Amino acid sequence: MNIPKSSLSRIVIVGGGFGGIALAKALKGKEMQVVLLDKNNYHTFQPLLYQVSTGGLEPDSIAYPLRKVLQGYPDVYFRLAEVREVIPGSKLIRTDIGDLGYDYLVIGTGSETNFFGNNEIEKNSMGMKSIPQSLNLRSLILENFEQALLTDNLRERDALMNFVIVGGGPTGVELAGALAEIKKGILPKDYPDLDTRKAQINLIQSGNRILAEMSEQASKKAEDFLENLGVEVWKDCRVTGYDGKTVRTKTDLVFEAATMVWAAGVKAVSIQGLNAKELLAPGNRMKVNEFNQVLDHEAIFAIGDAACMFSEDAPQGHPMVAQPAIQQGRHLGENLVRLLKKKPMKPFVYKDKGSMATVGRNKAVVDLKHYRFQGIFAWFVWMFVHLFFLIGFRDRMVVFVNWVYNYIRFDREARLIIRPYKRDYSQFKDCKDSKSES
Ligand SMILES: Cc1cc2nc3c(=O)[nH]c(=O)nc-3n(C[C@H](O)[C@H](O)[C@H](O)COP(=O)(O)OP(=O)(O)OC[C@H]3O[C@@H](n4cnc5c(N)ncnc54)[C@H](O)[C@@H]3O)c2cc1C
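The notes below deal with the structure included here.

The rules behind these values
- Residues numbered from 1 in each chain as written.
- Predicted model: local features only at pLDDT ≥ 70, side-chain atom pairs only at ≥ 80, totals over all residues.
- Heavy atoms only, no water.
- Helix = DSSP H or I, 4+ residues; strand = E, 2+ residues; numbered from the N terminus.
- Rg over C-alpha atoms; globule rule 2.2 N^0.38 Å.
- Buried < 20%, exposed > 50% of the residue type's maximum accessible area, 1.4 Å probe, protein only.
- Axes fitted to C-alpha atoms, helices over the stretch in contact; angles between N-to-C directions.
- Parallel < 35°, antiparallel > 145°, perpendicular 65-115°, else oblique.
- Left-handed = near helix turned anticlockwise from the far one by under 90°.
- Contact = heavy atoms within 4.5 Å.
- Pairing = 2+ DSSP bridges.
- Expected span 1.5 Å × (residues − 1).
- Phe/Tyr/Trp six-rings, centres within 6.5 Å; stacked < 30°, edge-to-face > 60°.
- Lys NZ or Arg CZ within 6 Å of the ring centre and 35° of its normal.
- Right-handed = clockwise from strand over helix to strand, strands pointing away.
- Salt bridge = Lys/Arg side-chain N within 4 Å of Asp/Glu carboxyl O.
- Near = heavy atom within 4 Å.
- Polar contact = N/O pair within 3.5 Å; in protein donor to acceptor, adjacent residues only side chain to side chain.
- Areas by Shrake-Rupley, 256 points an atom, 1.4 Å probe, with all protein chains shown as cover.
- Nonpolar A, V, L, I, M, F, W, Y, C, P; charged D, E, K, R; others polar.

### Remarks on the overall build of the protein
Then comes step 1: Secondary structure assignment for the protein yields twelve helices and 24 strands.
Then comes step 2: Here the protein has a C-alpha radius of gyration of 23 Å; the compact-globule value for 438 residues is 22 Å, and the two agree.
Then comes step 3: Overall, the C-alpha framework of the protein stretches about 80 × 45 × 40 Å when taken along its three principal axes.
Then comes step 4: The 438 residues of the protein split such that 52% are buried.

In structure tokens form, the structure reads like this:
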């Protein structure tokens, strides 16, 4: 990998996500050699992926070059590499560009979509965990409408304009809200020769309320917001399969839909060598102690979505969201400095800053420790917080300008099929048309 030999201890960080970046920043100028590895050369601001999928933002505005994050840092090296295996006994990692030894290793590889072993759903549904996936979804949404224009089979047309989103967490809620706004404000103008009122947005949740991690008040309000926007919210409904055309559920409810988005769960990225059953908590997360040290591996740490730290205030581990990753990254930075100075490490204490989700224009829900609020003020708070946590002045400015523009113009101009998504539409051709049109 061409990393110079050094008398300093080498800390290898795998993953330039929220946790990895916070850690690399905390180690700036701390008399150690830091190597950051990521399979992408950019950081992804995942909370705004749904806006890329729905044409509200260009992908560049939520991605940030990792080399730029590290500019001016002494003794920090970035390599574009995918880590494939860890060999703890030899303090070595295997990557697609070669092997690398470490003194201390930090795993911050985040999470991936969890299809809970359902191969059919994995094959046919759309995920939204990365920028390429969001661009696929953006293309597919637009391609479906282009296809819908071409058929006079009404049942096929309905299926092409039917969107099913599985998972009523913040991702599902935000995506459903954005699609409903597109249906209302953009589709009638873009497709005057198509009856876009027929487009359906279905949000399916297996539990009895959406935004289940938030307060009941927030769930209720978000559901009202969605229903006012025309989203059909189906609760206590478990999706069991999707063959690319028909969404099956545990009940007798079925949907014919050309698009099913799976936002029903994530699991930590699994790395060979650190995937022994006894090391993993539910969701593939690595069990760590209060210093983020992986069980039985003193020189290996895990942070963020990759880690599961059981504690009194988090008996199931911390939520898989950005704040625990950022706070653990920063905290581990201080602990690694202490460790190298042979001082005792300090336990991690999570400061819960609350949670929030937006449903659309002027509509958001916010739960803070002592306050809960919904509506336009919550929406401003949501926007401010997201702008604040975006990395880089340019990204903040671009997102801000886009939001102002979209707000004033009721528009989303990034609705472009730049990289077409190859979808087999032939299976919709046999839709039995009971109500054909001239
Ligand atoms: C659609 C969506 C919306 C979300 N909305 C919110 C929200 O509103 N608020 C919130 O707080 N959280 C939200 N989250 C969750 C939040 O993004 C994650 O909890 C957070 O990114 C976790 O940070 P992390 O550092 O653990 O991992 P990540 O930020 O996921 O970073 C992991 C990094 O590791 C790299 N990587 C993975 N595997 C390898 C490998 N084998 N080798 C090399 N590199 C690798 C990846 O490329 C990535 O850069 C959302 C997530 C998604 C998907």
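Alright, that's what it looks like, and here's the rest.
### Some points on the packing of helix H1 (residues 18–26) against helix H10 (residues 322–340)
Then comes step 1: Between H1 and H10, the shortest axis-to-axis distance is 7 Å and the interhelical angle comes to 30°. Judged by the inter-axis angle, H1 sits roughly parallel to H10. H1 and H10 meet at a crossing whose hand is right-handed. Mapping the contact onto sequence places Phe18, Gly19, Ala22, Leu23 and Ala26 in H1 and Ala322, Ala325, Ile326, Gly329, Arg330, Leu332, Gly333 and Leu336 in H10.

### Some remarks on the pairing of strand E22 (residues 355–360)
Then comes step 1: Burial analysis of E22 places five of its six residues in the buried class, which makes it a mostly covered element.
Then comes step 2: Relative to strand E23 (residues 363–367), E22 runs antiparallel, the two sharing five bridges. Considered in E23, the bridge of Ser355 is made with Asp367.
Then comes step 3: Connecting the antiparallel pair E22 and E23 is a turn made up of two residues, with Asn362 showing a positive phi of about 65°.

### Observations regarding helix H7 (residues 170–185)
Then comes step 1: Spanning 16 residues, H7 covers 22 Å between terminal C-alpha atoms, matching the ideal 22 Å at 1.5 Å per step.
Then comes step 2: Buried residues of H7: Gly172, Val173, Glu174, Leu175, Ala176, Gly177, Ala178, Leu179, Ala180, Glu181 and Ile182, and no others.

### Considerations on the sheet that holds strand E16 (residues 254–256)
Then comes step 1: The sheet built from three strands is open, its strands ordered E14-E15-E16 with antiparallel pairing. The sheet is open, and its two edges are formed by strand E14 (239–242) and E16, each paired on a single side. Going across the sheet, the axis of each strand differs from the next one's by a mean of 15°, ignoring polarity.
Then comes step 2: Where E14 meets strand E15 (residues 246–249), three bridges bridge the pair, whose relative direction is antiparallel. The residue of E15 that forms the bridge with Gly241 is Arg248.

### Comments concerning the packing of aromatic side chains
Then comes step 1: One pass over the structure, following the stated rule, counts twelve aromatic pairs.
Then comes step 2: Relative to Phe301, the ring of Tyr104 lies with its centre 6.4 Å away and its plane at 55°, an arrangement referred to as tilted. With a gap of 197 residues between them, Tyr104 in strand E9 (residues 104–107) and Phe301 in strand E20 (residues 300–302) connect regions that are remote in the sequence.
Then comes step 3: Residue class for Tyr104 comes out buried when judged on its relative accessible area of 17%.
Then comes step 4: Judged by its relative accessible area of 0%, Phe301 is buried.
Then comes step 5: Measuring from ring centre to ring centre gives 5.6 Å for Phe145 and Tyr191, while their planes differ by 35°; the resulting arrangement is tilted. Of this pair, Phe145 sits in helix H5 (residues 131–150) while Tyr191 sits in the loop between helix H8 (187–190) and strand E12 (200–204), placing them 46 residues apart in sequence.
Then comes step 6: Classification of Tyr191 by relative accessible area gives buried; the value is 6%.
Then comes step 7: Here a set of aromatic residues connected by ring pairs shows up, and it is made of Phe145, Phe163 and Tyr191.
Then comes step 8: Here Arg361 stacks its cationic end above the ring of Phe410, 3.6 Å away from the centre of that ring.

### Some remarks on the pairing of E12
Then comes step 1: Among the five residues that make up E12, four are buried, leaving the element largely enclosed by the rest of the structure.
Then comes step 2: Relative to strand E13 (residues 232–234), E12 runs parallel, the two being bridged by three bridges. In the sheet register, Asn202 faces E13, and the bridge partner there is Glu232.
Then comes step 3: The parallel pair E12 and E13 is bridged by helix H9 (residues 216–229), and the resulting crossover is right-handed.

### Points about the pattern of salt bridges
Then comes step 1: Taken as a whole and judged by the stated rule, the model has eleven salt bridges.
Then comes step 2: A salt bridge links Asp99 to Arg94; the shortest N-O distance between them is 3.1 Å.
Then comes step 3: According to the relative accessible area criterion, Asp99 is partly exposed, its value standing at 37%.
Then comes step 4: Judged by its relative accessible area of 34%, Arg94 is partly exposed.
Then comes step 5: One connected set of salt bridges, linked through shared partners, spans Asp190, Asp411 and Arg415.

### As for the site of the ligand
Then comes step 1: With respect to spatial proximity, 28 residues lie near the ligand, and among them Gly19, Asp38, Gln46, Val83 and Ala322 are the closest.
Then comes step 2: In the environment of the ligand, an oxygen atom lies 2.6 Å from a nitrogen or oxygen atom belonging to the side chain of Asp38.
Then comes step 3: The separation between a nitrogen atom of the ligand and a polar main-chain atom of Val83 is 2.9 Å.
Then comes step 4: With the chains in place, 89% of the 1000 Å² that the ligand exposes on its own is no longer accessible.
Then comes step 5: Breaking the shell around the ligand down by element, the ones donating at least two residues are H1 and H10.
Then comes step 6: Grouping the amino acids of the shell around the ligand by side-chain chemistry returns eleven nonpolar, twelve polar and five charged.

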